[in-house]
Each structure stands twice: as C-alpha cells, then as structure tokens.
Amino acid sequence: MNSAETTSPEPNAYETALRQFDEAAEILDLDADVREILRRPKRELVVNFPVEMDDGGTRMFRGYRVHHNITRGPAKGGIRYHPMADLDEVRALAMWMTWKCAVMNLPYGGAKGGVEVDPHRLSLAELENLTRRYASEISVLIGPEFDIPAPDMGTNAQVMAWIMDTISMHAGHSIPAVVTGKPVAVGGSEGRASATSRGMLEVTLGMLKRQGRDPQGLRVAVQGAGNVGMGAVRLFDEAGFTIVAVSDSEGGAIRETGLDAAAVARHGAGGGLMKDLPDADRISNRELLELPVDILAPAAIEGQLTSANASQVKAAMIVEGANGPTTPAADAEFADRGITVIPDILANAGGVTVSYFEWVQDLQQFFWTEDEINARLGRQMRDALASVAATAEESGVTLRQAAHMLAISRVAEATRLRGIYP
Ligand code: NAD
C-alpha cells in the first residue's frame, strides 16, 4: 500500500488532494480513463545534493520538483523550503496547482517544488548556495516554456532572483521569464507581492455581496504571518474589516477591539513574533482557529482544520489563503453547519494569476502599472468566483466541489481534444 492509500482518519495533503479529486470526478461522472490520467502526477524529480556551509563543511539536502499535469500549458507552481517538505506534500501542491490554474483559466499546468530545509537556520550565503544548487539540479525541468517556479512558504523574491540568475548564467543571457515573484528590478511584476492576499480579499468581498452582508467591521482572524497572512492583515484592514487575531508558528496575538494593522506589519517586518505583539493578548494557534469571528483566514500550512477541531470552529466564512488547510472530514462538517468555505484553489489564486501577468510581461518585455495589474486581477478573481458560485448553485455542491468540477472539466476537455499520443 503506498502512502497515499492509507486510511488514517486524518489524511496527509496528498490523500486530501486525491479525495477532493475523486469526489469531484464522481459528481462529474468523469470517464474512467481520463480519471486515471488526471489522478496521477506526470513526472516527479527527486534530487539529493551537497551544499557548502559557512563552517567549510558540506551538508546533503533533498529536493523535489513534481509536474502534475501539463496538458493546458507549461507547468506552474511555487517552491517551498520547509523542514517537513516531502514527496507526498509536493505531489498534493502540484495537483492543486493544476486545478487552480484551470479554475482561473490560465494557460498553465500544475507543478510544485520543495527542499527539506528550515531556511531560518541557514545564513544568507548558505541559503544562496542551496538555492543555486537546487536550481541547477531542477534545471532539467524548468524554463519559460516548460515550467515556471514561484515563491511559496520559506522562499521569497530574493530566492527567485537567485534562481533566475543561475539559469541565466547557464544560458549566457538573461531569462527573466523562468521564474515569477522576482523583484521588480529584475523583471518582476508590480503587485505580485500582495497578489495572493488581494485575491483573497476580492473573493471574500464577492462572496459577502452574494450573501447580502456588509463587510464593514466584520471580525477576521488570520493564521500565518508570512507573505500571504501579512498581506491579508493589511488589505482586509484597509477594506474596513476588523483584524482581531494573527499568528505565526510560535503562536499569536489577539485584541478584541481590533489589532492595529500597521503596528502588526512593523512588528513582523522587524522580525518580531506575533505572540510578542505589544498591546495585545497571547493566543495559541489552536485557540485562534476556534475564535468567534466572522471570517477565518488560514494562511499558513496544510491540515489545520481537521476532525479534531472542526466542530469548535465558529467562523461563518473560511477563506483559504493556505493550500490544503482543511481536511475532507472538516469540510464535511463545515458543509453540514452551513459554514462557507472559499477553497484554496480559488481563494489564493491571486498569486498565480499575477505570476501569469509577470510571465506575460517578461515574454513581451513590456510592463504594466500596478493599477492595471490590480484591475485585471480583480476582474479575473470576480469572474472565477462567479463561475464557481454558479456551478455550486446549479449542482447543489460546495464551493470546493464546484471549483474542482470546473477545473477538472477544463483539463479533461483539453486531454480529450489532444488525444492519447502516439
Ligand atoms: P511564508 O513562509 O511567507 O509564511 C508562512 C507563515 O506561516 C509564517 O508566519 C510561519 O511562521 C507560519 N506558520 C508556519 N507553520 C505554522 C503553523 N503550524 N501554525 C501557524 N503558523 C504557521 O509563506 P507564504 O508564502 O505566506 O505561504 C503561506 C501559505 O499560503 C502556504 O500554504 C502557501 O502554499 C500558500 N500560498 C502562498 C502563495 C504565495 O504567493 N506566497 C500563493 C498561494 C498560496
């Protein structure tokens, strides 16, 4: 039995991804042959590689790059540096990327990469060495026409600049379109840094409007204080929501009357832990997920809302900034209790959407303004939400099932049209 077929009550990320796929494929009555094709990752690369450390020694690291499906276009997906990264996690994230790109109707397939490392324990020089070596190792798979990586947990714009430089050095000329999420100074896009959070805000506002609810003053709790979580704190605050709690892996802070979003940003930018935020009380990650808020935004890691805590969740709406934060058992509980879950493959798709804009700008060598980027992003998020919500209403299914159905139908159609080679 392989690891993805165990029957433990709390599935890992890949088991979760497969169950979500199977559920949607079943509702769609998807042809068995197509189902088998779409269920499996197309290719998986595992690399073991040495990195020279500051003490003069050498340490071995393991990395991955998985292409789940490339039927609709080049593979697209982030690179994660995390001590618990493993092949099943990367497979899951790659599969979700396929569906996310298809939900957004972007001309991409799905991929993901990862390295088993805690980047916070490396010096800047070690991080650069590791990144350049990993980029070389996966260079057999990546390129503007094949596979375009981007940031994910533990990686950032600087890491993307090193990957872009490494691939460019091998080629002898600049290849900015090989990665997205780069600094603007080397071909990155305006608006990319906050795109995932902006997309979350767009779909939240869109869903509240559909429900006839006024967003002003609604209480929000955000799990995760990284690129996605911090952006959400800032943008939701600017839009009139009240941010009552925020956390990182060490715990969080709560203030019933609302946190000062600018102070949270300054504290985070200075390297402060959320539990040490001034003028706020401490809260654990577990407590944060169970707060009586209007909107819960998990923006950290997979498997946070499970059969163990779903019954304690009091939020009326869950907006998944993270990939895979909700297990199928928790999903079923939320559906029963009428809690609206805006699923990851829609809610956090703003990041890959502006990554697509960045790739297009790099290929055309013609750059757009931030206003143009944000306006296009807003339109694409609202259109995707409208399609997903319409499918959910017509078919009487959850938003997650609807998003998967829409995405899987699009990839299935492309698969049928292209046919089986030879
Ligand atoms: P990041 O590395 O910038 O930040 C991650 C944050 O989560 C950190 O504050 C970390 O302390 C916290 N964290 C880690 N483990 C935690 C735990 N167990 N409990 C609470 N907090 C924890 O990462 P990011 O880029 O913001 O990504 C966060 C999530 O959003 C991931 O699931 C990622 O796949 C997803 N995502 C990111 C992007 C993007 O553009 N960066 C796009 C789409 C989805």
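Let me begin by describing the structure that accompanies this report. Just so we're clear, the structure is a prediction, and the values are computed from it rather than from any experiment. (Residues numbered from 1 in each chain as written. Predicted model: local features only at pLDDT ≥ 70, side-chain atom pairs only at ≥ 80, totals over all residues. Heavy atoms only, no water.)

For the rest of this paragraph, the subject is the site of the ligand. The immediate surroundings of the ligand are formed by 22 residues, with Arg80, Asp152, Gly154, Val228 and Asn323 found nearest. Between the ligand and Gly226 there is a distance of 3.4 Å, counted from an oxygen atom to a backbone nitrogen or oxygen. Interatomic distance of 3.0 Å between a backbone N/O atom of Ser249 and an oxygen atom of the ligand. The fraction of the free accessible surface of the ligand (830 Å²) that becomes covered by protein chains is 84%. The class makeup of the residues in the shell around the ligand is 7 nonpolar, 11 polar and 4 charged. (Near = heavy atom within 4 Å. Polar contact = N/O pair within 3.5 Å; in protein donor to acceptor, adjacent residues only side chain to side chain. Areas by Shrake-Rupley, 256 points an atom, 1.4 Å probe, with all protein chains shown as cover. Nonpolar A, V, L, I, M, F, W, Y, C, P; charged D, E, K, R; others polar.)

Here the focus is the sheet that holds strand β2 (residues 58-69). Across the sheet, which stays open at both edges, the 5 strands sit in the order β1-β2-β4-β3-β5 with mixed pairing between neighbours. At either end of the open sheet lies a strand with only one pairing partner, and these are β1 (43-52) and β5 (147-151). When strand polarity is set aside, the average angle formed by the axes of neighbouring strands in this sheet is 25 degrees. Strand direction decides the pairing type here: β2 and strand β4 (residues 109-116), joined by 6 bridges, are antiparallel. Pairing of Gly63 across the sheet is with Val115, part of β4. (Pairing = 2+ DSSP bridges. Helix = DSSP H or I, 4+ residues; strand = E, 2+ residues; numbered from the N terminus. Axes fitted to C-alpha atoms, helices over the stretch in contact; angles between N-to-C directions.)

Turning next to the side chain of Glu320. Checked against the element boundaries, Glu320 lands in the loop between β11 (317-319) and α10 (328-336). Polar side-chain contacts of Glu320 include one of 2.5 Å to the side chain of Thr326. From its side chain, Glu320 meets the backbone nitrogen of Asp344 in a polar contact 2.7 Å long. When near neighbours in sequence (up to four residues on either side) are disregarded, Glu320 contacts Pro298, Pro325, Thr326, Val341, Ile342, Pro343, Asp344, Ala347, Asn348 and Arg400. (Contact = heavy atoms within 4.5 Å.)

As for its position among the elements, Gly187 is in the loop between α5 (157-171) and α6 (195-210). Assessed through its relative accessible area of 12%, Gly187 is described here as buried. Gly187 sits 176 residues away from Leu363 along the chain, and the two C-alpha atoms are 10.0 Å apart. Not counting chain neighbours up to four residues away, the residues in contact with Gly187 comprise Lys182, Glu358, Asp362 and Phe367. (Buried < 20%, exposed > 50% of the residue type's maximum accessible area, 1.4 Å probe, protein only.)

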